[in-house]
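One-letter residues, chain by chain:
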Amino acid sequence: MNIDGKALAKATKENVAAKVRECVEKYGRAPHLAVILVGEDPASQTYVRSKGKDAEQVGFRSTTIRMPESTSEEELLAEISRLNADTEVDGVLVQLPVPRHIDENRVIEAISAEKDVDGFHPSNVAGLWQKRPHVAPCTPKGIMKMLDDNNVELEGKKAVVIGRSNIVGLPMAKMLLDRNATVTIAHSRTKNLPEVAAQADILVVAVGRPRFAGKDFVKPGAVVIDVGINRDPETGKLVGDVDYDEVAPIASLITPVPGGVGPMTRACLMENTLECFLAKF
Ligand code: GUN
């Protein structure tokens, strides 16, 4: 059965929208999300447009700042400083990846932790790993909401996360661990990866390769979370990291691509922006 990320994202955003209406009454303005895009990467342009649309849908003020590919690191950092200092901006996000001549870590560290709606700043990362207050990264946060919404038991279960990125794999593993799952962090070079993955009651695949995980990766009855958004090299269609046609018949629950993890990531971005706004008062 599919986990309907789109429906849960809609409900999550409606909940945010209702709170935004209260913010306007109570504090005189709506939360304001600023998104910076450097360059013209087509996938990033799509993501940034969707984030702007979602922000407007929940009633936020939304600003998209498009900077040319040739933007220097200094110019980008100056723009971030300006947004950090603007008391009427609550959330600041730089769409990744940034062009290669810009140091991604310097960008992530430059965004004020209080406005870091992505949850990528080192102090938010430390907050997650040390169980202190933090802004949680959107993709794993959204996945936890989908698991909870579908009453997936985590305590005592075996979870395998394929992928070890700062954005998804590592925080995902920590969140599952904090819910008392036993977690294995694997990656594309893990020896005997299909056998390791097939141990999982909950399998999260975040490797960024089209149809990477087939039915040999999946124990019958497992819950399968597909974080991938890839273009099929032959058809140009959007496909996940999981071979949906092979895996859906044996999984108990699976997130489709599109319509699974992606919409929930953006819904959590809206929640994080609201949280950053409310933390000011
Ligand atoms: N690029 C891919 N995923 C993300 C994300 O969650 N946030 C940002 N800022 N860039 C990304």
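For the structure, see preceding data.
Residues numbered from 1 in each chain as written. Predicted model: local features only at pLDDT ≥ 70, side-chain atom pairs only at ≥ 80, totals over all residues. Heavy atoms only, no water.

A. Spotlight on the side chain of arginine 29. Among the structural elements, arginine 29 can be located in the loop between helix H1 (5–27) and strand E1 (32–38). Side-chain polar atoms of arginine 29 contact the backbone oxygen of threonine 87, separated by 3.3 Å. At 2.9 Å, the side chain of arginine 29 and the side chain of aspartate 90 are in polar contact. With residues up to four places along the chain from it excluded, the contact list for arginine 29 reads Cys23, Val24, Thr87, Glu88, Asp90, Phe277 and Lys280. (Helix = DSSP H or I, 4+ residues; strand = E, 2+ residues; numbered from the N terminus. Polar contact = N/O pair within 3.5 Å; in protein donor to acceptor, adjacent residues only side chain to side chain. Contact = heavy atoms within 4.5 Å.)

B. Spatial organisation of the nonpolar core. Residues Leu147, Leu176 and Ile225 are the most contacted members of the largest nonpolar core, which totals 51 residues. With 9 residues, the top contributor of residues to this core is helix H10 (residues 261–278). When neighbours within four sequence positions are excluded, isoleucine 225 is seen to be in contact with Ile3, Ile143, Leu147, Leu203, Val204, Val205, Thr255 and Val261. (Core = buried A, V, L, I, M, F, W, Y, C linked by side-chain atoms within 4.5 Å. Buried < 20%, exposed > 50% of the residue type's maximum accessible area, 1.4 Å probe, protein only.)

C. Quick look at the site of the ligand. Neighbouring the ligand are the residues Lys51, Leu93, Val94, Gln95, Leu96, Asp118 and Phe120. Between a nitrogen atom of the ligand and a main-chain N or O atom of valine 94, the distance comes to 2.8 Å. The contact in question runs from a nitrogen atom of the ligand to an N or O atom on the side chain of aspartate 118, over 2.6 Å. Here the ligand has 280 Å² of accessible area as a free molecule, and 79% of this is covered by the chains. Among the residues forming the shell around the ligand, the class breakdown is 4 nonpolar, 1 polar and 2 charged. (Near = heavy atom within 4 Å. Areas by Shrake-Rupley, 256 points an atom, 1.4 Å probe, with all protein chains shown as cover. Nonpolar A, V, L, I, M, F, W, Y, C, P; charged D, E, K, R; others polar.)

D. Main features of the pattern of salt bridges. Tallying each qualifying case throughout the model produces 16 salt bridges. Residues aspartate 54 and lysine 13 are paired through a salt bridge, measuring 2.9 Å at the closest nitrogen-oxygen approach. Residue aspartate 54 is located in helix H2 (residues 42–57), and its partner lysine 13 is located in helix H1; the two are separated by 41 residues in the primary sequence. Taking relative accessible area as the criterion, aspartate 54 reaches 5% and is therefore assigned buried. Overall, lysine 13 belongs to the buried group, its relative accessible area being 12%. Residue lysine 145 is joined to glutamate 271 by a salt bridge in which the shortest nitrogen-to-oxygen separation is 3.0 Å. With lysine 145 in helix H6 (residues 138–149) and glutamate 271 in helix H10, this pair connects stretches of sequence that are 126 residues apart. In this structure lysine 145 comes out as partly exposed when scored by relative accessible area, which is 27%. (Salt bridge = Lys/Arg side-chain N within 4 Å of Asp/Glu carboxyl O.)

E. Here's a closer look at a nonpolar patch on the surface. There is a patch of nonpolar side chains on the surface, built from Tyr47, Ile229 and Leu238 and spanning about 230 Å² of accessible area. Tracing the backbone through its elements, the reader meets isoleucine 229 in the loop between strand E7 (223–226) and strand E8 (230–231). In this structure isoleucine 229 comes out as partly exposed when scored by relative accessible area, which is 39%. (Patch = residues over 30% accessible without salt bridge, like charges linked within 9 Å, V, L, I, M, F, W, Y side chains within 5 Å.)

F. Focus on the packing of aromatic side chains. Enumeration according to the criterion identifies 4 aromatic pairs in this entry. On the basis of an interplanar angle of 75° and a centroid distance of 5.8 Å, the ring pair of tyrosine 27 and phenylalanine 277 is categorised as edge-to-face. Taken together, the residues tyrosine 27 in helix H1 and phenylalanine 277 in helix H10 connect sequence positions 250 residues apart. Judged by its relative accessible area of 0%, phenylalanine 277 falls in the buried class. The structure contains a cluster of three or more aromatic residues connected by ring pairs, namely Tyr27, Phe277 and Phe281. (Phe/Tyr/Trp six-rings, centres within 6.5 Å; stacked < 30°, edge-to-face > 60°.)

G. Structural view of a negative patch on the surface. A grouping of Glu195, Asp216, Asp245 and Glu246 is seen on the molecular surface, where their side chains present a negatively charged patch. Tracing the chain through its elements places aspartate 216 in the loop between strand E6 (202–205) and E7. Residue classification places aspartate 216 among the partly exposed residues on the basis of a relative accessible area of 47%. (Lys, Arg positive; Asp, Glu negative; His and termini not counted. Charge placed at Lys NZ, Arg CZ, Asp CG, Glu CD.)

H. Quick look at the sheet that holds E1. Spatially, the 3 strands line up as an open sheet ordered E2-E1-E3, and their pairing is parallel. Each edge of the open sheet carries a strand with a single partner, namely strand E2 (61–67) and strand E3 (91–94). Ignoring which end each strand starts from, the neighbouring axes of this sheet average 15° apart. Relative to the sheet, H2 contacts E1, E2 and E3, its axis offset from that of E2 by approximately 160°. (Pairing = 2+ DSSP bridges. Axes fitted to C-alpha atoms, helices over the stretch in contact; angles between N-to-C directions.)

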